[in-house]
Amino acid sequence: LVCVSVSEGSSSLVAVSLTDQGDAAPGAPKTLLKGGNALAAPRISPDLRRMAWVEVAGGASKLFSATVTDAGALEEPTMVAESAAHPMWSALGILHYTSEAAGRWNVM
């Protein structure tokens, strides 16, 4: 389970295991990304190898994507789009999202 954790005005993306993983008890959160900005909408790809999320700062949103390593860390975060929200992966592993970059909301 991947979710957003907010503490002391800062947000982080965390993974929470729902089963015993050997080195961590079920329910123990593992921080994937600490953000100075508001983080939202983490989504894991169907093959579990990519993750997308939204960062919001100053009213502007940016969509990011990164590779998930075998150890569960995020690697090579890349900005995918600005003025974007609602990321969702298709069954084929294509990242879709809504974007207001053209002046009105569109599905990309």
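Structure first, text after, so check above.
The structure reproduced in this document is the subject of the present report. Every value quoted in this text rests on a predicted model; they were computed, and no experiment measured them.

## Some words on the packing of aromatic side chains
Aromatic ring pairs are defined here through the distance separating the ring centres and the angle between the ring planes.
Logical step 1: What the rule picks out here adds up to one aromatic pair.
Logical step 2: Ring plane angle 10 degrees and centroid distance 5.9 Å describe the contact between Trp 53 and Phe 64, whose orientation is recorded as stacked. Taken as a pair, Trp 53 in strand E5 (residues 50-57) and Phe 64 in strand E6 (residues 60-68) lie far apart in primary sequence, eleven residues in all.

## Details of the environment of Val 2
Logical step 1: For Val 2, the location among the structural elements is in strand E1 (residues 2-7).
Logical step 2: Between the alpha carbons of Val 2 and Leu 33 there is a distance of 11 Å; along the sequence they are 31 residues apart.
Logical step 3: Not counting chain neighbours up to four residues away, the residues in contact with Val 2 comprise Val 14, Ala 15, Leu 32, Pro 42, Ile 44 and Met 51.

## Description of the sheet that holds E5
Logical step 1: Read from one edge of the open sheet, four strands run E4-E5-E6-E7, paired in antiparallel fashion. Because the sheet does not close on itself, it has two edges, and the strands there are strand E4 (38-44) and strand E7 (74-82). Sheet twist, expressed as the average angle between the axes of neighbouring strands with direction ignored, equals 25 degrees.

## What about the nonpolar core?
Logical step 1: Membership of the largest hydrophobic core is limited to ten residues, which are Leu 13, Leu 32, Leu 33, Leu 39, Met 51, Trp 53, Phe 64, Ala 66, Val 68 and Leu 74.
Logical step 2: Taken together, the elements giving at least two residues each to this core come down to strand E3 (29-35), E5 and E6.
Logical step 3: Here the element with the most residues in this core is E6; it accounts for three residues.
Logical step 4: Filtering out sequence-adjacent residues up to four positions away, Leu 39 remains in contact with Val 4, Ser 11, Ser 12, Leu 13, Leu 33, Trp 53, Val 54 and Glu 55.
Logical step 5: One finds Ala 52, Val 54, Ala 84 and Tyr 97 within the second-largest nonpolar core, a separate group that totals eight residues.

## Examining the pairing of E5
Logical step 1: Sheet topology note: the E4/E5 ladder contains five bridges and is antiparallel. The residue of E5 that forms the bridge with Ile 44 is Met 51.
Logical step 2: Joining the antiparallel neighbours E4 and E5 is a turn of five residues, in which Leu 48 adopts a positive phi near 65 degrees.
Logical step 3: If you look at the hairpin formed by E5 and E6, you'll find two residues sitting between the two strands, and Gly 58 has a positive phi there, around 60 degrees.

Rules and cut-offs
Per chain, the residues get numbers from 1 upward, laid out in the order the sequence is written. Per-residue local features of the predicted model are confined to residues with pLDDT of at least 70, and side-chain atom pairs are confined, for both listing and counting, to 80 or more; whole-chain, interface and lining totals are unaffected and use all residues. In computing side-chain properties, one takes all heavy atoms of the structure into account and sets aside hydrogens as well as water. For this analysis, a ring pair means two rings from Phe, Tyr or Trp (six-membered ring only for Trp) whose centres lie within 6.5 Å, classed as stacked if their planes differ by under 30 degrees, edge-to-face if by over 60, and tilted for the remaining angles. For the purposes of this entry, the term helix denotes a DSSP run of H or I that reaches at least four residues, the term strand denotes a run of E that reaches at least two, and both are numbered from the N terminus. Should any heavy atoms of two residues lie within 4.5 Å, those residues are considered in contact. By the convention used here, strands pair only if DSSP detects at least 2 bridges between them. The axes used here are C-alpha line fits, helices contributing only the stretch in contact, and every angle between their N-to-C directions lies in the interval 0 to 180 degrees. The term nonpolar core refers to a set of buried residues drawn from Ala, Val, Leu, Ile, Met, Phe, Trp, Tyr and Cys, joined through side-chain atoms within 4.5 Å. With a 1.4 Å probe rolled over the protein chains alone, any residue whose accessible area is under 20% of its type maximum counts as buried; one over 50% counts as exposed, and the rest are partly exposed.

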